[in-house]
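A look at the structure
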Amino acid sequence: MKKVVYTLLLIVLVACGGNNNSEEKKEVTEASLKADIKQMEDSLFGANSTLNKESAEKMIAMYKDFAGLYPKTKEAPDYLMKAADVATAINKPSVKEECYKKIINEYPDYPRMDVVKYLLAFTLDAELNQRGEAKEWYNKVVAEVKDTNFVRDAKVRLKSIDSLDYEAFMQMIINQQPLQ
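Since this is a predicted model, take the numbers as computed values, not measurements.

Some remarks on unusual backbone geometry
Phi is positive for Asn91, which is not a glycine, with a value near 55°. Following the sequence through the fold, Asn91 ends up in the loop between helix H4 (75-89) and helix H5 (93-106). Asn91 sits in the exposed class, given a relative accessible area of 59%. Phi at Asn129 takes a positive value of approximately 50°, unusual for a residue other than glycine. Structurally, Asn129 is set in the loop between helix H6 (113-127) and helix H7 (131-144). A residue is classified by how much of its surface remains accessible, and Asn129, at 49% relative accessible area, is partly exposed.

Take a look at the structure:
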């Protein structure tokens with residue numbers, strides 16, 4: 001009986017690919033992952049393409065995987081920014097928050113840090129309705145960011161963040177009503 005079970009197990013293993021052909025194993029290298037990302041970007045963002053949720057989520061995963069596997073490369077924070085951009089397109093603000101925070105925490109010398117900090121504050125405020133944390137980040141923008149437009153916008157929002165959610169704030173701006 002044992003011999004029959006072992007024979008069946010061996011047949012199943014061989015039939016299911018239990019052998020170790022090198023063709024079946026694809027080593028993920030930095031260059032191969034970059035090439036895969038480029039190929040997927042071309043197919044998703046090309047002139048004749050449409051972005052659907054499933055392909056967008058795959059693109060986000062590839063960007064995040066690259067940053068996780070190769071965190072010391074110059075592309076890692078850029079890919080996290082791209083992941084956040086794609087997350088915007090499919091309304092995934094928590095993914096954006098995660099990407100922005102990872103850039104802030106792991107890439108303090110990132111050249112676009114001003115943008116990252118402002119976008120984190122904005123995402124927390126406008127999309128996640130986490131006004132307390134958004135207020136902290138808007139204050140950091142005012143204190144640390146050099147771009148006057150981001151600082152100006154953060155200061156304007158800080159005037160009303162305690163009394164108005166983002167939607168009400170925008171409605172007042174659209175209607176040209178004075179902020180309280």
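A word on the pattern of salt bridges
One side chain can pair with another of opposite charge once the charged atoms of both are near each other. Evaluated as defined, the whole model comprises 16 salt bridges. In this structure, Glu106 and Lys102 form a salt bridge, with 3.3 Å as the shortest nitrogen-oxygen distance. Placement of both Glu106 and Lys102 in helix H5 is noted, with a separation of 4 residues, approximately one turn of the helix. When its relative accessible area of 42% is taken as the criterion, Glu106 is described as partly exposed. Judged by its relative accessible area of 26%, Lys102 falls in the partly exposed class. Between Arg157 and Asp125 there is a salt bridge whose closest N-O contact spans 2.6 Å. Of the two residues, Arg157 is situated in helix H8 (residues 148-160) and Asp125 in helix H6; the sequence distance between them amounts to 32 residues.

Some details on the confidence of the model for the chain
This prediction gives the chain a mean pLDDT of 83; 82% of its residues lie at or above 70. For the chain, helix H1 (residues 2-15) is the element with the lowest average pLDDT, namely 33, and H5 is the one with the highest, namely 98. Contacts for the low-pLDDT stretch residues 1-26, under 50 throughout, to residues beyond four places or in other chains number 5 contacts.

Brief notes about the packing of helix H3 (residues 53-69) against H4
H4 packs onto H3 with a crossing angle of 160° between their chain directions and a minimal axis gap of 8 Å. Of the possible angle classes, the one that applies to H3 and H4 is roughly antiparallel. Viewed along their axes, H3 and H4 form a crossing whose handedness is left-handed. For the pair formed by H3 and H4, the contact residues are Ala56, Met59, Ile60, Tyr63, Lys64, Phe66 and Ala67 on the first element and Glu75, Ala76, Tyr79, Leu80, Lys82, Ala83, Val86 and Ala87 on the second. In terms of residue class, the contact of H3 with H4 is built from 12 nonpolar, no polar and 3 charged.

Looking at the environment of Ala87
Within the element layout of this structure, Ala87 appears in helix H4. Every residue in contact with Ala87, bar those within four places of it in the chain, is listed here: Ile60, Lys92, Val95 and Lys96.

About the cut-offs
- Residues numbered from 1 in each chain as written.
- Predicted model: local features only at pLDDT ≥ 70, side-chain atom pairs only at ≥ 80, totals over all residues.
- Heavy atoms only, no water.
- Helix = DSSP H or I, 4+ residues; strand = E, 2+ residues; numbered from the N terminus.
- Buried < 20%, exposed > 50% of the residue type's maximum accessible area, 1.4 Å probe, protein only.
- Salt bridge = Lys/Arg side-chain N within 4 Å of Asp/Glu carboxyl O.
- pLDDT = per-residue confidence, 0-100.
- Contact = heavy atoms within 4.5 Å.
- Axes fitted to C-alpha atoms, helices over the stretch in contact; angles between N-to-C directions.
- Parallel < 35°, antiparallel > 145°, perpendicular 65-115°, else oblique.
- Left-handed = near helix turned anticlockwise from the far one by under 90°.
- Nonpolar A, V, L, I, M, F, W, Y, C, P; charged D, E, K, R; others polar.

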